Protein chains: 2
Amino acid sequence: MHRIAIIGGTGPEGKGLATRFAIVGHKITIGSRDEKRGTDVASELSENLRNSFTHKLDISGTNNENAAKKSDIVIIAVPYEAHSETLSELAPYLSEKIIIDAVVPVKFERGPRPIHVEAGSATEEAAKLLNESSVIGAFHNLSAEKLLQPDLSLDSDVLITGNNSDAKNIVIDLANEIKGVRAIDAGPLRYSQFIENLTVLLIGINGRYKIESGLKISGID
Amino acid sequence: MHRIAIIGGTGPEGKGLATRFAIVGHKITIGSRDEKRGTDVASELSENLRNSFTHKLDISGTNNENAAKKSDIVIIAVPYEAHSETLSELAPYLSEKIIIDAVVPVKFERGPRPIHVEAGSATEEAAKLLNESSVIGAFHNLSAEKLLQPDLSLDSDVLITGNNSDAKNIVIDLANEIKGVRAIDAGPLRYSQFIENLTVLLIGINGRYKIESGLKISGID
């Protein structure tokens, strides 16, 4: 059982990941810039899941700082616009922890487009800002809509990047706990940009085909 | 039936595509910088396939210029290092034709890395050099090794980019003729970089998992 904080846990992706990790027994803390909003979303998720699950789910909410302090794995799910500021503020509470960056630098200007990131990717930016943490990239390509339906199989692979193999293996095990997810070691942090951009591509396909797409790697197994 | 030239058709990817399009009845011309090498590879492919297929396969070889002249669909499968020079030389013979760019700008320096392309991607570079052609990006992520085994299902999607929807639809139909391939409209040319970089990612996964990986989009159908 991990104590998992979800920073920016009040958005669809954060709520979806909170749902999936709560139902498999992890202790979840929803973080928000606004503490009240964090507690509200935690109550909402607990309420929604109460009818589907007989076992007690452990979901609480607070502000981002307290959420980070209380947890040993911290998932970053803020909009890219808040990425570097949020991480700079939280850095003192994130050292020695596993940080999972799930942020996609995307803007919408006649279709989805990547936002240029000086460090190459949001995940590499996180690694630069948090040099005392183990930063891993994961969960960029999962449909929030599907994550929020707790019984639904995601039917997607999660591509995981990182330079610290112990931390990466913990995140691989964690990702594999989500129904219908297979975690894939996608290499070092320098490949993170490709995975973040893949989300831009998938958002485009979602619009064109009117679906919630996922990604799978064939040829493994 | 299309008359298909494969420029740089003597490399593994070109030979693999030639194999797959020949066996479904297209007229294939293998192009090479060296005419003799073009004819040799055409003979080699015809010979290899003779035992597996009872119907007559139409595979010939020549130099790149003649191959381009004789065909209405031209697949570019040269190494990226030869990309802009080859296209500039062939431009007079490519106007009004459908050009399928399958080139991945990749180099190997302690693992696969993308080569920086000023135009954004090899496919967009082709579109700039060939402004009287319809340039489409496709076939970047297919395993050459699997393409060369004519009975094997690829179990992969082909992500197709282009700004001309008539040309794109022709390439979508063509890609769907390969066993185990599903063609996906991946959007305009500006998304080509993401698909080219995806190949860099897949090459990394191939090395890590000792496989020939492919890519699939889930959630469609």
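Residues numbered from 1 in each chain as written. Chains lettered and ligands numbered in written order. Predicted model: local features only at pLDDT ≥ 70, side-chain atom pairs only at ≥ 80, totals over all residues. Heavy atoms only, no water.

With respect to the sheet that holds strand β2 (residues 27-32) of chain B
Residues and elements named next belong to chain B.
Right, so step 1: Reading across the sheet, the eight strands line up as β3-β2-β1-β4-β5-β8-β9-β10 and stay open at both edges, with mixed pairing between neighbours. Since the sheet does not close on itself, it has two edges, and those belong to β3 (59-63) and β10 (181-187), each with one partner. Averaged over all pairs of adjacent strands, the angle between their axes in this sheet comes to 25°, without regard to strand direction.
Right, so step 2: Of the strands in this sheet, β5 (98-101), β8 (134-137) and β9 (156-162) touch helix α5 (residues 122-129), which is tilted by about 175° from β8. (Pairing = 2+ DSSP bridges. Helix = DSSP H or I, 4+ residues; strand = E, 2+ residues; numbered from the N terminus. Axes fitted to C-alpha atoms, helices over the stretch in contact; angles between N-to-C directions. Contact = heavy atoms within 4.5 Å.)

Some points on the relation of the copies chain A and chain B
Superposition of the two copies of the chain requires a rotation about an axis together with a shift along that axis.
Right, so step 1: For the match of chain A to chain B, the screw axis carries a shift of 0.0 Å, the RMSD comes to 0.0 Å, and the turn is 180°. Both copies are brought into coincidence by an operation consistent with a two-fold rotation axis. Among all C-alpha atoms of chain A, that of A:Lys216 lies closest to the rotation axis, at 2.5 Å.
Right, so step 2: A high fraction, 100%, of the interface residues of chain A reappear at the interface in chain B, so the copies pair face to face through one surface. (Least-squares fit on C-alpha atoms with pLDDT ≥ 70 in both.)

Structural notes on the packing of helix α8 (residues 192-209) of chain A against helix α8 (residues 192-209) of chain B
Right, so step 1: In contact at an axis separation of 10 Å, α8(A) and α8(B) are set at 140° when each is read in the N-to-C sense. Taken together, the axes of α8(A) and α8(B) are oblique relative to one another. Of the two elements, α8(A) crosses α8(B), and the hand of that crossing is left-handed. Judged by residue contacts, A:Phe194, A:Ile195, A:Asn197, A:Leu198, A:Val200 and A:Leu201 of α8(A) engage B:Phe194, B:Ile195, B:Asn197, B:Leu198, B:Val200 and B:Leu201 from α8(B).
Right, so step 2: Class assignment of the residues belonging to the contact of α8(A) with α8(B) gives a composition of ten nonpolar, two polar and no charged. (Parallel < 35°, antiparallel > 145°, perpendicular 65-115°, else oblique. Left-handed = near helix turned anticlockwise from the far one by under 90°. Nonpolar A, V, L, I, M, F, W, Y, C, P; charged D, E, K, R; others polar.)

Here we look at the pairing of strand β3 (residues 59-63) of chain A
Each regular strand carries side chains that alternate between the two faces of the sheet.
Residue and element names in this part refer to chain A.
Right, so step 1: Among the five residues in β3, four count as buried, and that is most of the element.
Right, so step 2: Here strand β2 (residues 27-32) runs beside β3; their pairing, made up of five bridges, is parallel. Its bridge partner lying in β3, Gly 31 is registered against Thr 62.
Right, so step 3: Viewed along the sheet, the connection from β2 through helix α2 (residues 35-50) into β3 turns out right-handed. (Buried < 20%, exposed > 50% of the residue type's maximum accessible area, 1.4 Å probe, protein only. Right-handed = clockwise from strand over helix to strand, strands pointing away.)

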